[in-house]
Amino acid sequence: MAMRKKRTNDPKGMRRRVLDVAEDSFQAHGYHASSLGDLMAAAGVTGGALHHHFPTKKALALAVIEERVAAAVRETWIEPVLAASSAREGVRAVFEAVAAELERQGYVRGCPLNNLAHELSLADDEFRSALARIFANWRQAIADKIRADHLGGGEGGTDPERFAALVVATYSGAMSMAKTSQDAGVLRECLRGLESFEVSPSQGGSTVKRRRRVLPRPKIA
């Protein structure tokens with residue numbers, strides 16, 4: 001008598017597989033263009049199994065944002081910056097590492113946080129709040145690193161919050177331009193621009209000033 005094949009029950013693995021597929025599809029095609037039917041087929045799950053973990057497409061998207069996108073920002077940005085010798089060194093290293101990885105990859109899909117923020121921030125308040133928390137945590141980590149640099153005797157003239165906002169805005173814009181042009185070199189161009197500015201405490205309404213050039217411009221005869 002043949003023995004029945006034991007049924008494999010791995011709800012955690014199934015949930016992880018669905019998140020993997022959804023994360024990739026949202027990044028490649030966007031939330032609205034990713035149908036639940038396509039996601040189920042790609043993940044190899046039934047509708048009942050999908051809805052057991054994610055009752056709605058919105059619930060699935062929130063899980064991708066809160067678990068995957070937040071983790072990507074933490075791994076790509078927050079941990080390297082906090083572990084660096086200084087905030088500026090950490091920022092420089094992240095820009096360079098991302099540019100190198102995109103060049104190795106051969107294409108630019110853009111920043112997962114940026115992509116979903118552009119698509120979903122005005123579509124739903126829960127999406128907007130979840131995405132805003134990630135941006136806030138990202139900025140807070142950079143600002144905290146500047147404060148740590150202050151305690152170590154460095155970055156005395158740099159405003160932590162303004163520096164963090166400038167870094168996040170520069171990177172976000174650079175990734176959008178790199179995606180549009182399919183050229184990761186844009187990140188290095190934007191990094192050079194970022195490094196030519198110094199964010200100082202707010203005085204007299206001016207918050208950003210250009211650093212002095214190390215070498216003067218050549219005189220035109």
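Residues numbered from 1 in each chain as written. Predicted model: local features only at pLDDT ≥ 70, side-chain atom pairs only at ≥ 80, totals over all residues. Heavy atoms only, no water.

Visitor: Sorry, what's going on with the overall build of the protein chain here?
Guide: A count of helices and strands for the protein chain gives 9 helices and 2 strands. The 221 residues of the protein chain split such that 40% are buried. Restricting to contacts in the protein chain with at least 6 residues of sequence separation, those with at least 24 account for 66%. About 13,200 Å² of surface is accessible on the protein chain, with carbon and sulfur atoms providing 54% of the total. (Helix = DSSP H or I, 4+ residues; strand = E, 2+ residues; numbered from the N terminus. Buried < 20%, exposed > 50% of the residue type's maximum accessible area, 1.4 Å probe, protein only. Contact = heavy atoms within 4.5 Å. Areas by Shrake-Rupley, 256 points an atom, 1.4 Å probe, with all protein chains shown as cover.)

Visitor: Would you mind going over the confidence of the model for the protein chain with me for this structure?
Guide: As a note on interpretation, predicted positions should not be read in detail where pLDDT is low. Overall, the predicted model of the protein chain reaches an average pLDDT of 88, with 86% of residues at or above 70. Looking over the protein chain, one finds the lowest element-wise mean pLDDT in strand β2 (residues 206-210), namely 45, and the highest in helix α4 (residues 57-83), namely 98. In the predicted structure, residues 1-7 sits below a pLDDT of 50 and forms 0 contacts with residues beyond four places in sequence or in another chain. A low-confidence stretch, residues 204-221 stays under pLDDT 50, and its non-local contacts, those more than four residues away or across chains, total 17 contacts. (pLDDT = per-residue confidence, 0-100.)

Visitor: Help me out: how do you make sense of the packing of helix α1 (residues 11-29) against helix α2 (residues 36-43) in this one?
Guide: Each pair of packed helices can be described by the angle between their axes along with the distance between the axes. It is the contact of α1 with α2, at a shortest axis distance of 9 Å, that shows an interaxial angle of 125°. Taken as axis vectors, α1 and α2 run oblique relative to one another. Regarding α1 and α2, the two cross each other, and that crossing is right-handed. Where α1 abuts α2, its residues Arg17, Val18, Val21, Ala22, Ser25 and Phe26 lie against Leu39, Ala42 and Ala43. Its residues placed into classes, the contact of α1 with α2 shows 7 nonpolar, 1 polar and 1 charged. (Axes fitted to C-alpha atoms, helices over the stretch in contact; angles between N-to-C directions. Parallel < 35°, antiparallel > 145°, perpendicular 65-115°, else oblique. Left-handed = near helix turned anticlockwise from the far one by under 90°. Nonpolar A, V, L, I, M, F, W, Y, C, P; charged D, E, K, R; others polar.)

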